[in-house]
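Structure assessment
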Amino acid sequence: MEAHFGRDLALYTAARIALVAVVTVILVLVKIPLLVGLAVAVVVAFPLSLVLFRGLNQRVTAGMAERNESRRAERERLRAELRGDKES
């Protein structure tokens, strides 16, 4: 799963940015000023992206958890090595 973490993170980020852009364009088309539309789009896109991109969000979250676990394990291994503990 770690091999796809970077790709999933990039896709999720791009999807969220695209969602903000789409919401901003829709708001501008209904005659809302650009900066106001952008601000509203940022606020609206966050919860909307959690619903629309649920599967991608779960893959990114799982990848982050896996990465954190491997970092924790490596940190513990290094600490054990520094203490002089023998690895089994």
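Residues numbered from 1 in each chain as written. Predicted model: local features only at pLDDT ≥ 70, side-chain atom pairs only at ≥ 80, totals over all residues. Heavy atoms only, no water.

On to the overall build of the protein, then. Tallying secondary structure elements over the protein gives three helices and zero strands in all. When the helices and strands of the protein are read in sequence order from the N terminus, they spell out α-α-α. Relative to its length of 88 residues, the protein is extended, with a C-alpha radius of gyration of 20 Å against a globular reference of 12 Å. Each of the three principal axes of the protein carries a C-alpha extent, and together these read 70 × 20 × 15 Å. The buried share of the protein, reckoned over its 88 residues, is 20%. A sequence separation of at least 24 residues applies to 69% of the contacts in the protein between residues at least 6 apart. Total accessible area computed for the protein in this model is approximately 6600 Å², and 68% of it derives from carbon and sulfur atoms. (Helix = DSSP H or I, 4+ residues; strand = E, 2+ residues; numbered from the N terminus. Rg over C-alpha atoms; globule rule 2.2 N^0.38 Å. Buried < 20%, exposed > 50% of the residue type's maximum accessible area, 1.4 Å probe, protein only. Contact = heavy atoms within 4.5 Å. Areas by Shrake-Rupley, 256 points an atom, 1.4 Å probe, with all protein chains shown as cover.)

Its 30 residues place the ends of helix α3 (residues 54–83) 43 Å apart at the C-alpha level, agreeing with the 44 Å of an ideal helix rising 1.5 Å per residue. Among all positions in α3, only Leu56, Asn57, Val60, Gly63 and Ala80 are buried. Considering only its buried residues, α3 is in contact with α1 (5–29) and α2 (34–52). Phi for Gly84, located one or two positions after α3, is positive at around 90°. (Expected span 1.5 Å × (residues − 1).)

The next point concerns the environment of Leu29. Mapped onto the elements, Leu29 comes out in helix α1. Given the relative accessible area of 63%, Leu29 is considered exposed. Remark: the alpha-carbon pair of Leu29 and Ala62, spanning 33 residues in sequence, is separated by 38 Å.

Turning our eyes to something else, we now look at the side chain of Thr24. With respect to the element layout, Thr24 can be found in helix α1. Excluding residues that lie within four positions of it along the chain, Thr24 makes contacts with Leu34, Gly37, Leu38 and Ala41.

With their axes 9 Å apart at the nearest point, α1 and α3 run at an angle of 140° to one another. When the axes of α1 and α3 are compared, the pair comes out oblique. Of the two possible hands of crossing, α1 and α3 adopt the one that is left-handed. Between α1 and α3, the contacting residues are Phe5, Asp8, Leu9, Leu11 and Tyr12 on the first element and Leu56, Asn57, Arg59, Val60, Gly63, Met64 and Arg67 on the second. Grouping the amino acids of the contact of α1 with α3 by side-chain chemistry returns seven nonpolar, two polar and three charged. (Axes fitted to C-alpha atoms, helices over the stretch in contact; angles between N-to-C directions. Parallel < 35°, antiparallel > 145°, perpendicular 65-115°, else oblique. Left-handed = near helix turned anticlockwise from the far one by under 90°. Nonpolar A, V, L, I, M, F, W, Y, C, P; charged D, E, K, R; others polar.)

Turning next to the nonpolar core. A general tendency of soluble globular proteins is for nonpolar side chains to be buried together. Grouped together as the largest cluster of nonpolar side chains are six residues: Leu19, Val20, Val23, Leu27, Ala41 and Ala45. Here Ala45 is in contact with Leu19 and Val20, once residues within four sequence places are set aside. (Core = buried A, V, L, I, M, F, W, Y, C linked by side-chain atoms within 4.5 Å.)

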